[in-house]
Amino acid sequence: MYDEEATGYEIRKLSIEGEYSYFIDASYGSIYPALARLEQEKLVTSRVEQQDGKPAKKIYSITTEGRSAFIQSLFEKLGEDEFRSEFLLFARFASELPQSLVEERLSERLAEVDTMLADFDRLKQQHNHPGDAWVIDYGRTCMQAARNYIEAHGAELIALARPDRDAAAAAE
């Protein structure tokens with residue numbers, strides 16, 4: 001992590017459910033080899049911390065050279081954003097599904113988006129770096145737009161779906 005120490009486990013957790021999940025999706029299989037390579041290149045250091053009744057944990061810190069290398073990497077051309085969504089896959093095939101299921105999934109999606117919006121609000125309270133604020137506002141704006149779209153056009157997706165009685169007959 002750029003500003004503080006972290007274990008591989010903490011890095012993974014931040015990349016799948018924490019604030020870094022908006023930037024990366026890192027598996028343990030990629031984190032630990034990357035940390036070993038970065039340590040070999042002297043871009044991070046590590047120390048072992050003993051724990052009572054638990055295995056020792058290895059804690060990593062970025063070095064000054066690591067920070068410079070990271071900032072230098074940002075000068076390179078950016079790759080394309082990756083966007084995958086099981087929700088959109090579901091929406092694509094809504095016409096093959098019962099209306100009640102489409103309604104249920106839309107409600108679930110709205111609840112998920114509301115949770116994400118609340119997370120952005122919480123993150124905004126926890127971070128005071130101007131770059132963090134910009135990124136959080138950007139993410140919140142994207143999620144609010146998704147929520148607004150579902151609210152405004154969800155009925156259209158439900159209308160594409162099969163009436164429940166037709167879907168039950170098709171499943172037989």
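Structure: above.
This text gives an overview of the structure that appears in the document. (Residues numbered from 1 in each chain as written. Predicted model: local features only at pLDDT ≥ 70, side-chain atom pairs only at ≥ 80, totals over all residues. Heavy atoms only, no water.)

Brief notes about the overall build of the chain
Of the regular secondary structure elements, the chain holds 7 helices and 3 strands. Along the chain, helices (α) and strands (β) appear in the sequence β-α-α-β-β-α-α-α-α-α when read from the amino end. A compact globule built from 172 residues should have a C-alpha radius of gyration of about 16 Å, whereas the chain, at 22 Å, is more than 25% larger. Based on the C-alpha atoms only, the size of the chain along its principal axes is roughly 65 × 40 × 35 Å. Looking at the chain as a whole, 24% of its 172 residues are labelled buried. Nonlocal contacts in the chain, meaning residues at least 24 apart in sequence, comprise 49% of its contacts between residues at least 6 apart. Side-chain charges of the chain comprise 20 positive and 32 negative groups, with the mean position of each set lying 3 Å from the other. (Helix = DSSP H or I, 4+ residues; strand = E, 2+ residues; numbered from the N terminus. Rg over C-alpha atoms; globule rule 2.2 N^0.38 Å. Buried < 20%, exposed > 50% of the residue type's maximum accessible area, 1.4 Å probe, protein only. Contact = heavy atoms within 4.5 Å. Lys, Arg positive; Asp, Glu negative; His and termini not counted. Charge placed at Lys NZ, Arg CZ, Asp CG, Glu CD.)

Examining the packing of aromatic side chains
A complete count under the given rule lists 1 aromatic pair for this structure. Taken together, a centroid distance of 5.6 Å and an interplanar angle of 15° make the contact between W134 and Y138 stacked. One end of the pair is W134 and the other is Y138, both in helix α6 (residues 130-160) and 4 residues apart, which spans about a single turn. One residue, R92, lies across the ring of F93, its end atom 4.6 Å from the ring centre. (Phe/Tyr/Trp six-rings, centres within 6.5 Å; stacked < 30°, edge-to-face > 60°. Lys NZ or Arg CZ within 6 Å of the ring centre and 35° of its normal.)

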